[in-house]
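The lines below spell out each chain.
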Amino acid sequence: MNNNHDAPNSNNNNNNNNNNNHETWTEASWTSVFAAPCWISPLYYSTTVDNDDHNVTSTSSNSRHRHHQQQQHEPLHNSSSSSTSNDDDVPKRTSMVEREDDEVLGWTLDASARGVVVMGTAVFVSSDLLRLAKEATGCYQYNENVTNEECQERVYGMRPSSVLADIVMVVGLLSAVLMPLIGSIIDHTKYRRAVGSFSAAFMSVMILAQMLIMEDLWFVAAVLQIFVAFSYTVHLCATYAYLPELTTNHEKLAQYTARFSAAQYAGSVVFLILMVGVLSLVNRREGVRSSTVSQTVVFVVCITFFGYAWTHLFKPRPASQQIPENKTLISAGFWKIYKTAQTIVLHHSAIKWFLVSAAFTQAATTTFSTIAITYMTEQLGFSSRENGIAILFLLLFGVPGTRIAAWLNKSVNPIRSLQINLIFWICSVSAAAIFLHQPDQQVMAYIFAMFWGLAMGWVYPTEKTLYVTIIPRGQEAELMGTYICACQFLSWLPPMIFSVMNEMGFSMRIGIFSLTVYFTVSFFILFFVGDYEEAVAHAKQIDDGLIPFTADALSNAIGACYEQFADETGCQPGLLADDLGSTIGMGTIREDSSTKDGSTK
């Protein structure tokens, strides 16, 4: 990779603020509303980091001085490069540029395939699973008109309308429990590429198996849907681990992330348009199932795009971290999350309350699409084609939603923008529960899908922009892992409550209305984040070394403080953990504490 990627341009000092703002809002406007899982978040911190030589005193994170090192790339550089000739550097630079080009293409193909996978499984497979479950109970015949009468019969101990919610609940529990282990394998071993390629292959095989057995063994196909969704989550973790290492040039990285989001969006939209067109032509023929057509297309795309990307384009990586002493590979991931969470809870109030808010927001938004598909199929009598049209409207209106996010983040601040978005969610979901409740309401459903698309496109860039502006530089990877866990922490709760309410005989209108509870809780928790500018200033003080980030560094600083002041009243350790960073001689304390044990805290 060319070494001039690390150096700022000659005019950066004059135009730094303009360039930084451009990068931030370009990135925010391309936020993914297509797959919507919270673990996509590493995209954001990678595109909001400035070059190391920038030194601006603005309180926005995009003008904060960056201190972090590009350690991920150090193994690629010869430690004695300063003594080598320029001719010796040329082969290394060429190979690094080729690797970058290959992996950027691999990322683009992978993102396109993921857009197709999400739409195929979330829309068409889900619709057919609901239909087949109802057929198994005798409540539904494929060639009869659909009514809005809820099926009271049970199959395998549950109502057909609970199938999708139960699948999402199980996937949420599996992700919350196992993702720290998966992350530990990716971080502490050389098997990052193996995890990415195996998860893609496994997902493709499960999709093929679903297609072959859906009509005859629908319950087995529903179980396979759990494996498809979980392997998708694992695949995302492996894929996004490559993102920060594509280039050390942050302007290029912002351009790459825009390209990747566009690729995933294009894959989703083209697939939906294709499927709606095909189903409009063949759905009149008895025996043609939407899931059969959908999964055939998805499987072909997967083996083509995933296959080429992971066998030819993505390159192996060494372990990025060492397993701590007295820890195993299994315990290392959980231990890291525990230590980070301990630090945040004790010493960083704004980050703590944001993560609590995000847990509720993401629990509702990631469950929304599943509950919406169930609601439209069961309550409104939508076919797979009509569900596809509704989701297509949602996707298309996600794009102007990102522009709303960019405008409000600038004109007010991300905290207030996110709160306005949550109010928008509450109003739109409540209105749907009231007015959208019977068949032949396709036009009204499509209008609501437009509003939900605006909300989806608005919430994700706002949430991630808020997070990356209040976290310190140099801790991104660690804090993004914590964010991922926070997003997964409650992901099982909304589908479980929806399923329980459905099994108890409550109307689905109440079930979909229950999502507003999570948005409301998140809205009020955001008030505890405090003033946005103060939260950003607190992160900048950590960047500048005025406040230790970790609990261990804080303890060392307190110890040094007591050694420095003979009179105990001269040292006030309580101030060291102040969220505003009001400290006494903190710069000296940190310097002293770092030299006592020979390490930098």
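Residues numbered from 1 in each chain as written. Predicted model: local features only at pLDDT ≥ 70, side-chain atom pairs only at ≥ 80, totals over all residues. Heavy atoms only, no water.

What's the story with empty space enclosed by the protein in this structure? I'm lost.
Here the idea is plain: a probe the size of a water molecule rolls over the atoms and shows the empty space left. Applying the stated criterion across every chain, the model contains 5 cavities of 30 Å³ or more. In this structure, the second largest cavity encloses a volume near 50 Å³. Lining the second largest cavity we find Phe-368, Ser-369, Ala-372, Met-376, Ala-390, Ile-391, Leu-394, Ala-449 and Trp-452. Contributing elements (two or more residues each) for the lining of the second largest cavity: helix 10 (349-378), helix 11 (384-411) and helix 13 (442-470). (1 Å grid on protein atoms, 1.4 Å probe; cavity = no way out; pocket = protein on both sides within 12 Å on 5 of 7 lines; lining within 4 Å. Points joined across faces, edges and corners; volume = space filled by probe spheres on them. Helix = DSSP H or I, 4+ residues; strand = E, 2+ residues; numbered from the N terminus.)

Sorry, what's going on with helix 5 (residues 192-213) here?
Each turn of an α-helix holds 3.6 residues, which means side chains three or four residues apart point in the same direction. In a regular helix each residue adds 1.5 Å, so 22 residues correspond to 32 Å; helix 5 covers 32 Å between its end C-alpha atoms and thus fits that length. Restricting attention to buried positions, one finds in helix 5 the residues Arg-192, Val-195, Gly-196, Ser-199, Ala-200, Met-203, Ser-204, Met-206, Ile-207, Gln-210, Met-211 and Ile-213. (Expected span 1.5 Å × (residues − 1). Buried < 20%, exposed > 50% of the residue type's maximum accessible area, 1.4 Å probe, protein only.)

Just checking my understanding: could you explain the packing of helix 10 against helix 17 (residues 515-525) for this structure?
When two helices pack together, their arrangement is captured by the angle between the axes and the distance separating the axes. Orientation of helix 10 relative to helix 17, taken along the N-to-C sense of each, is 160 degrees, at an axis distance of 8 Å. Between helix 10 and helix 17, the angle falls in the class roughly antiparallel. When the axes of helix 10 and helix 17 are compared, the crossing they make is left-handed. From helix 10, Trp-353, Val-356, Ser-357, Phe-360, Thr-361, Ala-364, Thr-365, Phe-368 and Ile-371 reach across to helix 17, where they touch Leu-515, Tyr-518, Phe-519, Val-521, Ser-522 and Ile-525. Grouping the constituent residues of the contact of helix 10 with helix 17 by class yields 11 nonpolar, 4 polar and no charged. (Axes fitted to C-alpha atoms, helices over the stretch in contact; angles between N-to-C directions. Parallel < 35°, antiparallel > 145°, perpendicular 65-115°, else oblique. Left-handed = near helix turned anticlockwise from the far one by under 90°. Contact = heavy atoms within 4.5 Å. Nonpolar A, V, L, I, M, F, W, Y, C, P; charged D, E, K, R; others polar.)

Just checking my understanding: could you explain the packing of aromatic side chains for this structure?
One pair of aromatic rings is described through two measures. These are the centre distance and the angle between the planes. Throughout the structure, instances matching the rule amount to 27 aromatic pairs. Ring plane angle 80 degrees and centroid distance 6.0 Å describe the contact between Phe-124 and Phe-271, whose orientation is recorded as edge-to-face. Of this pair, Phe-124 sits in helix 3 (residues 86-137) while Phe-271 sits in helix 7 (residues 250-282), and the two are 147 residues apart along the sequence. Phe-271 matches Phe-124 in its accessibility class, with the two residues each being buried. Plain terms: the ring middles of Phe-354 and Tyr-467 are 5.1 Å apart, the flat faces sit at 20 degrees to each other, and that makes the pair stacked. One end of the pair, Phe-354, is in helix 10; the other, Tyr-467, is in helix 13, and 113 residues separate them in sequence. When its relative accessible area of 0% is taken as the criterion, Phe-354 is described as buried. For Tyr-467, a relative accessible area of 1% gives the class buried. (Phe/Tyr/Trp six-rings, centres within 6.5 Å; stacked < 30°, edge-to-face > 60°.)

I tried to follow the nonpolar core on my own but got confused; where do I start?
A general tendency of soluble globular proteins is for nonpolar side chains to be buried together. Core analysis: the largest hydrophobic core is formed by 127 residues, its most contacted members being Trp-107, Phe-354, Trp-425, Trp-452 and Tyr-467. No other element matches the 16 residues that helix 3 contributes to this core. With residues near it in sequence (within four places) discarded, Phe-354 still touches Glu-463, Leu-466, Tyr-467, Ile-470, Tyr-483 and Val-529. The next biggest cluster of nonpolar side chains, apart from the first, holds 8 residues, and it includes Ile-186, Val-195, Cys-237 and Ala-238. (Core = buried A, V, L, I, M, F, W, Y, C linked by side-chain atoms within 4.5 Å.)

What is the right way to read the packing of helix 4 (residues 163-188) against helix 6 (residues 218-242) from this model?
Contact pair helix 4 / helix 6: the axes reach a minimum separation of 9 Å and the direction vectors enclose 35 degrees. When you trace helix 4 past helix 6, the crossing you get is right-handed. On helix 6, the residues that touch Val-163, Ile-167, Val-170, Val-171, Leu-174, Ser-175, Leu-178, Met-179, Ile-182 and Ile-186 of helix 4 are Trp-218, Ala-222, Gln-225, Ile-226, Ala-229, Phe-230, Thr-233, Val-234, Cys-237, Ala-238 and Ala-241. Tallied by class, residues from the contact of helix 4 with helix 6 come to 18 nonpolar, 3 polar and no charged.

Would you explain helix 10 in this entry?
Here helix 10 spans 43 Å end to end across 30 residues, near enough to the 44 Å set by a 1.5 Å rise per residue. Along its length, helix 10 reaches its greatest deviation from straightness, about 40 degrees, at Phe-368. Within helix 10, 24 of the 30 residues are buried, leaving the element largely enclosed by the surrounding structure. (Bend = angle between axes of the 7 residues up to and from the residue.)

Please clarify how the confidence of the model for the protein chain should be interpreted in this entry.
Low-pLDDT portions of the prediction should not be read for the details of their coordinates. When the pLDDT values of the protein chain are averaged, the result is 74; 71% of them are 70 or greater. When pLDDT is averaged over each helix and strand of the protein chain, the minimum, 32, is found for helix 2 (residues 42-46) and the maximum, 96, for helix 17. Every residue in residues 142-148 scores below 50 in pLDDT, and together they form 15 contacts with partners more than four places removed in sequence or on other chains. Contacts of residues 557-601 to residues separated by more than four positions or lying in other chains number 64 contacts, the stretch itself having pLDDT below 50. (pLDDT = per-residue confidence, 0-100.)

It is not clear to me how the pattern of salt bridges should be interpreted in this structure. Could you clarify?
Pairing is possible between side chains that carry opposite charge, provided their charged atoms lie close to one another. As enumerated under the stated definition, the model contains 9 salt bridges in all. Two residues, Lys-315 and Asp-102, come together in a salt bridge whose shortest N-O distance is 3.5 Å. Taken together, the residues Lys-315 in the loop between helix 8 (290-313) and helix 9 (329-347) and Asp-102 in helix 3 connect sequence positions 213 residues apart. Classification of Asp-102 by relative accessible area gives partly exposed; the value is 25%. Here Glu-378 and Lys-134 are joined by a salt bridge, their closest N and O atoms 3.7 Å apart. Placement of Glu-378 in helix 10 and of Lys-134 in helix 3 is noted, with a sequence separation of 244 residues between them. We classify Glu-378 as buried; its relative accessible area is 4%. (Salt bridge = Lys/Arg side-chain N within 4 Å of Asp/Glu carboxyl O.)

I tried to follow the side chain of Ser-428 on my own but got confused; where do I start?
With respect to the helices, strands and loops of the structure, Ser-428 is situated in helix 12 (residues 414-435). Relative accessible area serves as the criterion here: at 7%, Ser-428 is assigned to the buried category. For Ser-428, the side chain forms a polar contact with the main-chain oxygen of Trp-425, separated by 3.1 Å. (Polar contact = N/O pair within 3.5 Å; in protein donor to acceptor, adjacent residues only side chain to side chain.)

Help me understand the environment of Thr-137, please; the structure alone is not making it clear to me.
With respect to the helices and strands, Thr-137 occurs in helix 3. Between the C-alpha atom of Thr-137 and that of Tyr-156, which follows or precedes it by 19 residues, the distance is 9.8 Å.

Got a minute to help me understand unusual backbone geometry in this structure?
A negative phi holds for most residues other than glycine; trans holds for most peptide bonds. With a phi close to 55 degrees, Tyr-156 is a non-glycine residue in the positive phi region. Structurally, Tyr-156 is set in the loop between helix 3 and helix 4. Residue Tyr-156 is classed as exposed on the basis of its relative accessible area of 59%. Although it is not a glycine, Asp-440 adopts a positive phi angle of roughly 65 degrees. Tracing the backbone through its elements, the reader meets Asp-440 in the loop between helix 12 and helix 13. In this structure Asp-440 comes out as exposed when scored by relative accessible area, which is 70%.

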